[in-house]
Amino acid sequence: MPPTRRALPLLLLLPAAALSTAPPTAALPPSSAARADTIPPDHFDVQQVAPGVYAVIRREPPGLWFDANNVFIVDDEGVIVVDGNVSPSSTREVLAALRRLTDRPVTHVVNTHWHEDHVLGNAVYREAFPGVELVAHTTTAEDLRTIGANNRRGSLQSGGSFAAQLRELERTGRNLAGAPISDEERASYRKDASLIERYLRDARDFEPVMPTITVDDRLVLRRGRRTVEILHLGAGHTRADLVVHLPAERIAITGDLVVWPVPLVGSTSFPAAFEATLRRVLELRPAIIVPGHGPVLRDDRYLRTVADLLASLRTQALAAVARGETLEQARRSVDLTPFRDRIAGDSPLRRFIFYGYVELSGVEAAYREAAARTVPR
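The rules we used
- Note on numbering: residues in each chain are counted from 1, in written sequence order.
- The predicted nature of this model means local features are confined to residues of pLDDT at least 70 and side-chain atom pairs, given and counted, to a pLDDT of 80 or more, with totals for whole chains, interfaces and linings taken over all residues.
- Excluded from the side-chain calculations are hydrogens and water; all other atoms, namely the structure's heavy atoms, are used.
- Here, strands pair whenever DSSP counts at least two bridges between them.
- Helix and strand assignments follow DSSP, with helices taken as H or I runs no shorter than four residues and strands as E runs no shorter than two, numbered in order from the N terminus.
- Whenever a helix is involved, its axis is fitted only over the stretch in contact; in every case the axis is a line through C-alpha atoms, and angles between N-to-C directions fall within 0 to 180 degrees.
- Crossings are classed by handedness, with left-handed meaning an anticlockwise turn of the near helix from the far one by less than a right angle and right-handed meaning a clockwise turn.
- Residues are treated as being in contact if the distance between any of their heavy atoms lies within 4.5 Å.
- Gly falls in the polar group here, along with every residue not listed as nonpolar (Ala, Val, Leu, Ile, Met, Phe, Trp, Tyr, Cys, Pro) or charged (Asp, Glu, Lys, Arg).
- pLDDT expresses, on a scale from 0 to 100, how confident the predictor is about each individual residue.
- Partly exposed describes any residue whose relative accessible area lies between the buried limit of under 20% and the exposed limit of over 50%, with all areas from a 1.4 Å probe on protein chains only and scaled to the type maximum.
- In protein, a polar contact means a hydrogen-donor-capable atom and an acceptor-capable atom, both N or O and within 3.5 Å, with residues adjacent in sequence counting only if both atoms are side-chain atoms; elsewhere, any N or O pair within 3.5 Å suffices.
- Pairs were defined over the aromatic rings of Phe, Tyr and Trp, the Trp ring being its six-membered one, requiring ring centres within 6.5 Å. Orientation was assigned from the angle between planes: stacked under 30 degrees, edge-to-face over 60, tilted for the rest.

Points about the sheet that holds strand β8 (residues 218-223)
Sheet architecture is open: five strands sit in the order β8-β9-β10-β11-β12, paired in mixed fashion. Two strands lie at the open edges of the sheet, namely β8 and β12 (288-293), each paired on one side alone. Ignoring strand direction, the axes of neighbouring strands in this sheet form an average angle of 25°. Looking at chain direction, β8 and strand β9 (residues 226-231) are connected through six bridges and run antiparallel. Bridging from a neighbouring strand, valine 220 pairs with glutamate 229 of β9.

The following block contains the structure:
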């Protein structure tokens, strides 16, 4: 049963999608090797994915409110951190985990895009390391000051009531669609409410820290024998997506271009470009993919499925506009059921997330792009 519009007011403000958990049988499971050098804090695991490269993977179940994965790239010069977190307190936990690995300074923080769950922690690194360079796409500052500021106001205004709603649903045993709550949904709602409450405590008077280095297409950092490529391969999840690529190690750190178990094609996405951008990630031939949310992936099957989904979404949106359909008509005619079944399986929670972020806001973004493309100039 799809969620109602009334059940999704805050969902449409949120900038990311589901977090790490074990896949259902019907989903495409990531293959993974044994974890090494694991540090078990409350909210994440630290996994060594290559010598000197550590992925900070969130433990929380999928949901509608999120915190980002991080990566530490450690060398003789210091540490490159990929992405901040959704709140200063969350980032301080991640920094404490880094301190258990090394006392070397953080020289760079790379923000893969401007969404708050990836940037609000920048201030913590600036405070701890005053000379740190903050690296982001050229459009990041503008988007933080405009769309980001509007979204933050909406989250601050609505977040408390949404957290209370989730706790009440957990108590009464109903889900956001009005059906009996599953164990997965119960755990997810509890996690979402806790993350929202933490965000509200930390972020009410927060001002994001702007980048000191901006990237248009490519920035290369030479760190001893290691090469770190920071690439803008095209728009997708936002117009500002950066991929951190370690060519020698064959590692791609993708931010929210890749989100598991349900991809985010949300209101700030560019579906017409998203597929091509993912195909460019695949052209890097990574052996290890660290997504913005979800577990480390060690093959490209999931990325190919999401790219195929985006191709279908784009094609169907163009056809709907060519037929003269309104957005509401296109929501009914665009059929992504095979992808929903393959990605979300029979999980009510994951199907809910798929509906909100792909079938609702994703179709709207694709329709908007298709309509703009077909308007006579």
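Regarding the packing of helix α4 (residues 140-172) against helix α5 (residues 183-203)
Interhelical geometry of α4 versus α5 gives an angle of 145° and a closest axis separation of 9 Å. By crossing handedness, the relation of α4 to α5 is classed as left-handed. Contacts between α4 and α5 involve Arg152, Ser155, Leu156, Gly159, Gly160, Phe162, Ala163, Leu166, Arg167, Leu169 and Glu170 from the former and Arg186, Tyr189, Arg190, Asp192, Ala193, Ser194, Ile196, Glu197, Tyr199, Leu200 and Ala203 from the latter. Partitioning the contact of α4 with α5 into residue classes produces eleven nonpolar, four polar and seven charged.

What about the confidence of the model for the chain?
In the predicted model, the chain carries a mean pLDDT of 88, and the fraction of residues at 70 or more is 88%. Residue range residues 1-40 is modelled with pLDDT below 50. Its contacts to residues more than four positions away, or to other chains, number 138 contacts.

Things to note about the side chain of serine 87
Looking at where serine 87 falls in the secondary structure, it is placed in the loop between β4 (78-82) and α1 (88-101). Classification of serine 87 by relative accessible area gives buried; the value is 0%. Within polar-contact distance, the side chain of serine 87 engages the side chain of serine 89 at 3.3 Å. Residues within four places of serine 87 in sequence aside, it is in contact with Leu120, Arg198 and Asp202.

Focus: the sheet that holds β4
Strands sit in the order β1-β2-β3-β4-β5-β6-β7 across an open sheet of seven strands; the sheet is mixed. At either end of the open sheet lies a strand with only one pairing partner, and these are β1 (44-50) and β7 (213-215). Strand-to-strand twist across the sheet, computed as the mean angle between neighbouring axes with direction ignored, equals 20°. Pairing of strand β3 (residues 70-75) with β4 involves five bridges; the strand directions are antiparallel. The residue bridging isoleucine 73 from the neighbouring strand is isoleucine 80, located in β4.

Observations concerning the packing of aromatic side chains
Following the criterion strictly, the structure yields two aromatic pairs and no others. Taking the centre distance of 5.2 Å and the plane angle of 65° together, the rings of tryptophan 65 and tyrosine 199 count as edge-to-face. You can see tryptophan 65 sitting in the loop between β2 (53-58) and β3 and its partner tyrosine 199 sitting in helix α5, a full 134 residues away along the chain. Residues tryptophan 65 and tyrosine 199 agree in their burial class; the two are buried.

Description of the pairing of β9
Of all six residues making up β9, five are buried, and the element is well covered by its neighbours. Hairpin connection, β8 to β9: the antiparallel pair is bridged by two residues, and glycine 224 has positive phi, about 65°.

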